[in-house]
Amino acid sequence: MESPLVPYLPILAVLLLAGLMAMAIPALTTRLGPRSVNPIKSESFECGNPTLGTARQRFAVKFYVVALLFIVFDVEAVFLYPWAVNFRALGWFGYGTMLMFASTLVMGLVYIWKKGALEWES
Amino acid sequence: MSAELVLFWVFAAAIVASAGGVIIARNAIASAMSLVACFFFLAGIYVLLWAHTIAALQVLVYAGAIMVLFLFVIMLLSLTESGPVAQLSPSRILGAVGTAGLLAALVGALLRLPKTLPTWVSDTAQVQRFGTIKEVGQVMYTQWLFPFEAVSLLLLVAIVGAVVVAKPRI
């Protein structure tokens, strides 16, 4: 039996290359680049302003809603893949099932639109 | 030992190690990143099972979308670097009992597994095909049509729930 891993060999090659690059670039910069360490350079941000507060502050709940809605429509998109691959074989019947599936979610989209959950400023 | 067997043990050990990292790490962000690693190694196990679709979705949906949500929740909770110190409370004891019960149920289910492989495993051609996106699509939109349509209702409930929970604050 042919191994299930064979189609994944290019991904392994990319991962190895990425790992190699991730190690090589910091190694080369520390070896070749000039080094000057001073307190200003070790600060978190170097954009000219002094840093304010901590990075671990609370974020608005809006981010949570956007993330959750993203997951829902991401899962919907996932269901489109197997349908698209079999589009011709499934024919009009498959089109009808996907129409039912998608229209349920369009109702959800209309709901969040009307509720203003997509508005950032309010 | 075949390459698959070696990789299985590599993935299995990495899953256990990264899952341990999720609960051991004191920093919530480090814990979440450990969970990402766990999802990726789990995708490797799915590939070894010829479940290509599930492996791809594991990376796309779990390591992608679900982790974004986890990170937003962590930022929402505003945990400090070290987190609260563990103390014995009724909810913790209940949690421990529940976890022990789940573990017992899982071990019980594993012990009940039949000792012989199901017959369809010997059909090599079918084993190699069944996890591809084409095969999954062919059965999902015909034989398993009702669960598929039910998923859309589940997603609709999730949409409404997200808005209702957060609406007073957006």
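Residues numbered from 1 in each chain as written. Chains lettered and ligands numbered in written order. Predicted model: local features only at pLDDT ≥ 70, side-chain atom pairs only at ≥ 80, totals over all residues. Heavy atoms only, no water.

Participant: Tell me what's going on with a nonpolar patch on the surface, and back it up with residues and numbers.
Facilitator: There is a patch of nonpolar side chains on the surface, built from A:Val6, A:Leu9, A:Leu12 and A:Leu16 and spanning about 370 Å² of accessible area. On the basis of relative accessibility, which here comes to 36%, the residue A:Val6 falls in the partly exposed class. (Patch = residues over 30% accessible without salt bridge, like charges linked within 9 Å, V, L, I, M, F, W, Y side chains within 5 Å. Areas by Shrake-Rupley, 256 points an atom, 1.4 Å probe, with all protein chains shown as cover. Salt bridge = Lys/Arg side-chain N within 4 Å of Asp/Glu carboxyl O. Buried < 20%, exposed > 50% of the residue type's maximum accessible area, 1.4 Å probe, protein only.)

Participant: Got a sec to walk through the nonpolar core? Specific residues and values, please.
Facilitator: By size, the foremost hydrophobic cluster in this structure holds 30 residues, and its most contacted members are A:Phe79, A:Phe101, B:Tyr141 and B:Phe148. Those elements that provide at least two residues to this core are helix 2 (61–85) and helix 3 (87–115) of chain A together with helix 3 (52–77) and helix 7 (145–166) of chain B. In this structure A:Phe101 touches A:Glu76, A:Phe79, B:Phe148, B:Glu149, B:Val151, B:Ser152 and B:Leu155, once residues within four positions along its chain are discounted. In this structure, A:Leu5, B:Phe11, B:Ile15 and B:Cys38 belong to the second largest nonpolar core, which totals 9 residues. (Core = buried A, V, L, I, M, F, W, Y, C linked by side-chain atoms within 4.5 Å. Helix = DSSP H or I, 4+ residues; strand = E, 2+ residues; numbered from the N terminus. Contact = heavy atoms within 4.5 Å.)

Participant: For the layout of surface pockets, give the residues involved together with the corresponding values.
Facilitator: Counted as a void, the largest pocket has a volume near 570 Å³. Contributing to the lining of the largest pocket are 17 residues, with A:Tyr8, A:Ile11, A:Leu15, B:Phe11 and B:Gly44 lying nearest its centre. For the lining of the largest pocket, the secondary-structure elements that each account for two or more residues are helix 1 (9–32) of chain A together with helix 1 (3–24), helix 2 (28–48) and helix 3 of chain B. Among the elements that line the lining of the largest pocket, the one with the most residues is helix 2 of chain B, at 5 residues. Its boundaries defined by the atoms lining it, the second largest pocket holds a volume of some 340 Å³. Surrounding the second largest pocket, 17 residues form its lining, A:Val78, A:Phe79, B:Thr53, B:Ile54 and B:Leu57 being those nearest its centre. Contributing elements (two or more residues each) for the lining of the second largest pocket: helix 2 of chain A together with helix 3 and helix 6 (133–140) of chain B. For the lining of the second largest pocket, the element with the highest residue contribution is helix 3 of chain B, accounting for 6 residues. Residues that form the lining of the second largest pocket fall into these classes: 14 nonpolar, 3 polar and no charged. (1 Å grid on protein atoms, 1.4 Å probe; cavity = no way out; pocket = protein on both sides within 12 Å on 5 of 7 lines; lining within 4 Å. Points joined across faces, edges and corners; volume = space filled by probe spheres on them. Nonpolar A, V, L, I, M, F, W, Y, C, P; charged D, E, K, R; others polar.)

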